[in-house]
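Geometric and topological summary
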Amino acid sequence: MKKILTILPAALLVSSLHAADEQPKRTLAKNMMLTYNKLPGEAKTFGEMFSGGEWYGRVRSNTFYWDWSDAAGTDNHAWGIGGSLVYKTAKYHGFGATLGAYYSNASLWSMDQADISALKAGKDTLARLSVKNDNKYDMFSLAQASIDYTTGKTTLKVGHQIIESMFTKSNDTKMIPNTFEAAVLENKDIEGTTIRLAHITKQKLRDHTAFHDVITFKDASGESWANNDDSAVHKGLSYANFVAAGKDPDHTMSIAEVHSKFGKNVKTKIAYLMLPDVLTNLAVEAHYT
């Protein structure tokens, strides 16, 4: 027995050292953004494009409980359990595809249907509109579904996708990330520089299962949770206000970005945002270490 007890820790140590030498398929940053360290390679046949793909699974649980003072607001709570399964194909003649399915269930410990409007911080564990209309506390979303083509150092990606930029973020801190229906062109021919052009037609916020307008608050029926209901939403940009002003309530968004590195110490970012007939924005950043 003593020999077994002596061998067991040594075996566990060797196993852990071996595991430490292997780079994980993904790395989770402090801001919850994922870096994919292991990506599928090149496929010689169309069949290998799929058989040589990679799966990325994730199990998630997020719990929220807010005990407000009487003057501050209504106590609220939610517990979401779920996860995601993302599949990336191998590259075949430059073509590839990504599918990402996400699920969250908050039925075990969440607020009643009548009080769901008071749910704030934990609202991204469920879709409040589904609870309101159907008393449904789970949500499923094919948040990523895109095809891409790469030639040299240029990639074009079209479909439902994550876009991390100065103006758009996945904010993947809860159960399902923000994703966008878009076409994104990226080029890295210039050493140390990334040029990205994106045309976004719709977005899907974290507590939504369907894609919707990128900026409009409320829909034609006046429902607050059917369009852009993000906590930072500009409520003056409502469907009714756009119509009353003779403007189109359906919008697209275009982004142009240039990120450059100069040596080891300087990084610069220039980004331009345009929502036709609504706003434009130019942002410039320089970082020196």
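As a starting point, this report considers the structure included with it. Sequence order sets the numbering: in each chain, residues are counted from 1 along the sequence as written. Where local features are concerned, this predicted model is filtered to residues with pLDDT of at least 70; where side-chain atom pairs are given and counted, the filter is 80 or more; whole-chain, interface and lining totals use all residues. Hydrogens and water are ignored here; the side-chain numbers use all heavy atoms of the structure.

1. Let's talk about the nonpolar core
Let me state the cut-off plainly: For this analysis, a nonpolar core means a set of buried residues of the types Ala, Val, Leu, Ile, Met, Phe, Trp, Tyr and Cys, connected via side-chain atoms within 4.5 Å. For every residue, the accessible area obtained with a 1.4 Å probe (protein chains only) is divided by the maximum for its type, and the residue is called buried under 20%, exposed over 50%, and partly exposed between those limits. Secondary structure elements follow DSSP: runs of H or I no shorter than four residues count as helices, runs of E no shorter than two count as strands, and numbering proceeds from the N terminus. Whether two residues touch is decided by their heavy atoms; if any such pair falls within 4.5 Å, the residues are in contact.
Counting 14 residues, the largest nonpolar core has Ile-163, Ala-182, Ile-200, Val-214, Met-253, Ile-255 and Leu-275 as its most contacted members. Counting only elements with at least two residues in this core, the list comes to strand 8 (179-187), strand 9 (193-204), strand 10 (253-262) and strand 11 (266-275). For this core, the leading source of residues is strand 8, giving three residues. Not counting chain neighbours up to four residues away, the residues in contact with Val-214 comprise Ile-200, Thr-201, Lys-202, Gln-203, Asn-228, His-251, Thr-252, Met-253 and Leu-275.

2. Concerning the pairing of strand 12 (residues 279-288)
Heads up, the rule is: For two strands to count as paired, DSSP must find a minimum of two bridges between them.
By the criterion of burial, strand 12 is predominantly exposed, with just one of the ten residues buried. The pairing of strand 11 with strand 12 spans ten bridges and is classified as antiparallel. Residue pairing for strand 12: Ile-270 is matched across the bridge by Val-284. Linking strand 11 back to strand 12 in an antiparallel pair, the connection comprises three residues, with Asp-277 at a positive phi of about 65°.

3. Quick notes on a nonpolar patch on the surface
For clarity, the threshold we go by: To count toward a patch, a residue needs a relative accessible area above 30% and no salt bridge. Like charges then connect within 9 Å, nonpolar side chains (Val, Leu, Ile, Met, Phe, Trp, Tyr) within 5 Å. Method for areas: the Shrake-Rupley scheme with a 1.4 Å probe, in which residue coverage is limited to the protein chains shown. Think of a salt bridge as a Lys or Arg side-chain nitrogen and an Asp or Glu carboxyl oxygen that are within 4 Å of each other.
Together, Val-258, Ile-270, Tyr-272, Met-274, Leu-282 and Val-284 give the surface a local cluster of nonpolar side chains, amounting to about 530 Å² of exposed area. At the level of elements, strand 11 and strand 12 are the ones that each hand at least two residues to the nonpolar patch. Along the chain, Tyr-272 turns up in strand 11.

4. Examining the pattern of salt bridges
Scanning the entire structure with this criterion turns up 14 salt bridges. For Arg-58, the salt bridge is made with Asp-172, and the minimal N-O distance between the two is 3.4 Å. One end of the pair, Arg-58, is in strand 3 (residues 54-66); the other, Asp-172, is in the loop between strand 7 (154-161) and strand 8, with 114 residues separating them in the sequence. For Asp-172, a relative accessible area of 6% translates into the label buried. The residue Arg-196 makes a salt bridge to Glu-257 at a minimum N-O spacing of 2.7 Å. Of the two residues, Arg-196 sits in strand 9 while Glu-257 sits in strand 10, which places them 61 residues apart along the sequence. For the pair Arg-196 and Glu-257, one class covers both residues: buried. The network of salt bridges with common partners includes Lys-123, Asp-124, Lys-174, Arg-206 and Asp-207.

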